[in-house]
Amino acid sequence: MNTALPDVPSLPALEPDWLRRVRAEPEFLFDIQHAVGGPFHLVYPDRFAANLNAFRDVLAARGVAGRVYYGKKANKAGCWLDTVAELDGAVDVASEPELVHALAHGIRGRDIGVTGAAKSTGLLRLAARHDCVVAIDALDELERLAAIAASAGRVRVLLRRLPPNTQDSRFGLSEADLEHAIERCARLASVVELIGFSFHLDGYAVAPRAELANALIGSCATAKARGLPISAISIGGGFACSYLAEADWARFLAERNPGWFHAGKTFDKFYPYHQGPTGPAMLDAILATEFDGRTLAERLRDNEIELLLEPGRALLIDAGCTVFPVLGYKQNADYGITTVQGLSMSVSEQWKGSEFLPDPILVPRSADPAARPVASCVGGASCMEYDVLTWRKVPMAQRPEHGDLLLYPNTAGYQMDKNESEFHQLPLPPKVVVTEAAGRLRWRLDR
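Residues numbered from 1 in each chain as written. Predicted model: local features only at pLDDT ≥ 70, side-chain atom pairs only at ≥ 80, totals over all residues. Heavy atoms only, no water.

An unreviewed UniProt entry annotates the chain as Diaminopimelate decarboxylase originating from Nocardia amikacinitolerans. UniProt, in its Cofactor (unreviewed entry) section for the chain, records the words "pyridoxal 5'-phosphate". (UniProt positions renumbered as here; feature names shortened; annotations may be inferred.)

Right, dumping it as structure tokens:
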């Protein structure tokens, strides 16, 4: 058998300091695995707090009144909500359970935004009674909310605009429907308080967000002239994140070929694992965009408009990872197949028919001083051929063995729970909250 190591690239993740400290104490990970008995997710609220404050700092530096709503759909853990409450922040939800979860962790109703398409009557009623801000996505939804507000109390709303260049989107009000909704809000003023407009764009480009926000400043002025209490624009989420170094990502894109992947697997597209500007820097670039000699930040200030944003992934970047126990390894030709305890559904880039590309990190139970590097794909524990966590042949310092751990870095933003299920009656991996006190790492199960 040919066991020469194939020429496959390494894609090491950009690793935060807290995770380096965790990996410097491998027994910490093995102790958690011993306690939970299977795969688990690590989450680190201190990094989430730093990310949130970095967005706030940009708003303050630009002199823009604004609020950062954590897009809760990106991760189900309760510890993020505790952090938001401690920092007097805000949360974006799209379901009754999400709203209840936020309230249960101390988020006040007035600090909760409710988005999503065609909201249930139960969600609208709960939002109205707790003074949440509701993003209206359709005319019939506005009428249903107005009927609920007649008994629940006056409710604040944003009208979600269909972006001009995405007419096929199923979200948002067309120009004609937006005009009609503004008229209805004026007539329903006793039960509906229109406070502004919102939108969400796919992709991670600065210019389209700045341009649409600028256009909505004009819509705000028009609505204000009708006596409506307009005070806010929400530009949604979609703030870029980077997981890999620029050079590693560029090489991968330039040279990738089916031979780098198990079974010659090919993919139509990947998440842009290196991009820029990212997170708060992207927000700053949006606010710095000029229109007729005035920055968007200046235009917002001039018109007394508050800027709302709803980052999810960008608040969770570098704030979590996923750990799988290794069940076994076998060599196939010039590369191996590592099987882990867990399923590919817990590393959810697969839900888009794609691949989570940052290298998983082998944490061996014992280092082998005579070890030789291997390349390996990673399969899940199910009986399905396509249950593959990593199709790419990943370079590893030594052969994985039963009892080792395989750590996937930077999975908190959408990766670690978006597509999980209890297939094979396997329990979902628990979320383990990591904190630091008196110079040592501590852990507890998330609530």
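Here the narrative resumes, following the displayed structure.
Would you take a moment to explain the layout of surface pockets for this structure?
Unoccupied space between atoms shows up once a probe the size of one water molecule is rolled over them. Empty space within the largest pocket amounts to approximately 1,300 Å³. Lining the largest pocket are 45 residues; nearest its centre among them are Lys73, His200, Leu201, Asp202 and Tyr414. Those elements that place two or more of their residues in the lining of the largest pocket are β3 (90-93) and α13 (313-316). Per-domain counts for the lining of the largest pocket show at least three residues from each of domain 1 (17-44 + 318-445) and domain 2 (45-240 + 275-315). (1 Å grid on protein atoms, 1.4 Å probe; cavity = no way out; pocket = protein on both sides within 12 Å on 5 of 7 lines; lining within 4 Å. Points joined across faces, edges and corners; volume = space filled by probe spheres on them. Helix = DSSP H or I, 4+ residues; strand = E, 2+ residues; numbered from the N terminus. Domains from an automatic or database assignment.)

I keep staring at the UniProt feature "modified residue: N6-(pyridoxal phosphate)lysine" (unreviewed entry) in the chain and nothing clicks. Help me out?
With numbering matched to this structure, UniProt assigns "modified residue: N6-(pyridoxal phosphate)lysine" (unreviewed entry) to Lys73. Checked against the element boundaries, Lys73 lands in the loop between β2 (66-71) and α4 (79-86). In this structure Lys73 comes out as partly exposed when scored by relative accessible area, which is 47%. Those residues in contact with Lys73 that sit more than four places away from it in its chain are Glu98 and Tyr414. (Buried < 20%, exposed > 50% of the residue type's maximum accessible area, 1.4 Å probe, protein only. Contact = heavy atoms within 4.5 Å.)

Would you mind going over the packing of helix α6 (residues 121-129) against helix α7 (residues 139-152) with me for this structure?
Helices that pack against each other are described as a pair by the angle of their axes relative to one another and the distance between those axes. Contact geometry for α6 and α7: axes closest at 9 Å, N-to-C directions at 50°. Looking at the two axes, α6 sits oblique to α7. In the packing of α6 onto α7, the handedness of the crossing is right-handed. Across the interface between the two elements, Thr121, Leu124, Arg125, Ala128 and Arg129 from α6 touch Glu141, Arg144, Leu145, Ile148, Ser151 and Ala152 from α7. In terms of residue class, the contact of α6 with α7 is made up of 5 nonpolar, 2 polar and 4 charged. (Axes fitted to C-alpha atoms, helices over the stretch in contact; angles between N-to-C directions. Parallel < 35°, antiparallel > 145°, perpendicular 65-115°, else oblique. Left-handed = near helix turned anticlockwise from the far one by under 90°. Nonpolar A, V, L, I, M, F, W, Y, C, P; charged D, E, K, R; others polar.)

Quick question: what am I supposed to make of the sheet that holds strand β4 (residues 112-114) here?
Through backbone hydrogen bonds, the strands of a sheet pair up, either in parallel or in antiparallel fashion. The strand order around the closed barrel formed by 8 strands is β2-β3-β4-β5-β6-β7-β8-β11, and the pairing between neighbours is parallel. In this sheet, neighbouring strand axes are inclined to one another by 30° on average, regardless of whether the strands run parallel or antiparallel. Note: strand β6 (residues 155-160) against strand β7 (residues 192-198), 6 bridges, orientation parallel. Bridging from a neighbouring strand, Val157 pairs with Leu194 of β7. Along the sheet, helix α3 (residues 45-61) makes contact with β2 and β11 (306-309), crossing β2 at roughly 150°. Docked against the sheet, helix α9 (residues 206-225) engages β7 and β8 (232-234), running at close to 145° with respect to β8. (Pairing = 2+ DSSP bridges.)

Looking at this model, I keep getting lost on empty space enclosed by the protein. Mind explaining?
What the rule picks out here adds up to 2 cavities of 30 Å³ or more. Computed from the structure, the largest cavity encloses a volume of approximately 70 Å³. Listing elements by their share of the lining of the largest cavity, those giving two or more residues are β4 and β5 (133-136). Partitioned by chemical class, the residues of the lining of the largest cavity number 6 nonpolar, 3 polar and 2 charged.

Hey, could you run me through α4 in this one?
Note that an α-helix has 3.6 residues per turn; residues three or four places apart therefore point the same way. Within α4, 6 of the 8 residues are buried, leaving the element largely enclosed by the surrounding structure. All buried positions along α4 are accounted for by Cys79, Trp80, Leu81, Asp82, Thr83 and Val84. Backbone geometry just after α4 places Asp88 at a positive phi near 55°.

Can you help me understand a nonpolar patch on the surface in this one?
On the surface, Met384, Tyr386 and Phe423 cluster together into a nonpolar patch covering about 300 Å² of accessible area. Position of Phe423 among the secondary structure elements: in the loop between β17 (405-409) and β18 (431-437). Judged by relative accessible area, which is 31%, Phe423 ranks as partly exposed. (Patch = residues over 30% accessible without salt bridge, like charges linked within 9 Å, V, L, I, M, F, W, Y side chains within 5 Å. Areas by Shrake-Rupley, 256 points an atom, 1.4 Å probe, with all protein chains shown as cover. Salt bridge = Lys/Arg side-chain N within 4 Å of Asp/Glu carboxyl O.)

Where do I start with the pattern of salt bridges in this structure?
A side chain of one charge can pair with a side chain of the opposite charge when the charged atoms of the two come close. Under the criterion given, the structure shown has 23 salt bridges. For Glu193, the salt bridge is made with Arg154, and the minimal N-O distance between the two is 3.6 Å. One end of the pair, Glu193, is in strand β7; the other, Arg154, is in the loop between α7 and β6, and 39 residues separate them in sequence. Residue classification places Glu193 among the partly exposed positions, given a relative accessible area of 22%. Taking the relative accessible area as the measure of exposure, Arg154 reaches 42% and is therefore partly exposed. Here Arg294 makes a salt bridge to Asp302, at a shortest N to O gap of 2.7 Å. Look at Arg294 and you get partly exposed, because its relative accessible area is 35%. Among the charged side chains, a salt-bridge network with shared partners connects Arg67, Asp88, Arg108 and Asp111.

Is there a simple way to explain the nonpolar core in this structure?
Inside soluble globular proteins, nonpolar side chains tend to come together where they are buried. Formed by 117 residues in total, the largest nonpolar core has its most connected members in Trp80, Leu159 and Leu287. If one sorts the elements of this core by residue count, α9 sits on top with 8 residues. Taken domain by domain, this core gets at least three of its residues from each of domain 1 (17-44 + 318-445) and domain 2 (45-240 + 275-315). Trp80 has contacts with Val43, Tyr44, Pro45, Phe48, Tyr70, Asn75, Leu316, Ala319 and Ala412, leaving out every residue within four places of it along the chain. (Core = buried A, V, L, I, M, F, W, Y, C linked by side-chain atoms within 4.5 Å.)

How should I be thinking about the domain arrangement of the chain in this particular structure?
In many reports, interface size means the accessible area that the parts give up when they come together. Domain annotation of the chain identifies domain 1 (17-44 + 318-445) and domain 2 (45-240 + 275-315). One C-alpha centre belongs to domain 1, the other to domain 2; they are set 35 Å apart. With 17 residues of domain 1 at the contact, the number on the domain 2 side is 13 residues. Summed over the shared surface of domain 1 and domain 2, the number is 2 salt bridges. Close ionic contact of Asp417 with Lys76 constitutes a salt bridge, the shortest N to O distance being 3.7 Å. Inspection of the domain 1/domain 2 interface yields 6 residue pairs in polar contact (both at pLDDT 80 or more). For the side of domain 1 that touches domain 2, the leading source of residues is β18, giving 3 residues. (Polar contact = N/O pair within 3.5 Å; in protein donor to acceptor, adjacent residues only side chain to side chain.)

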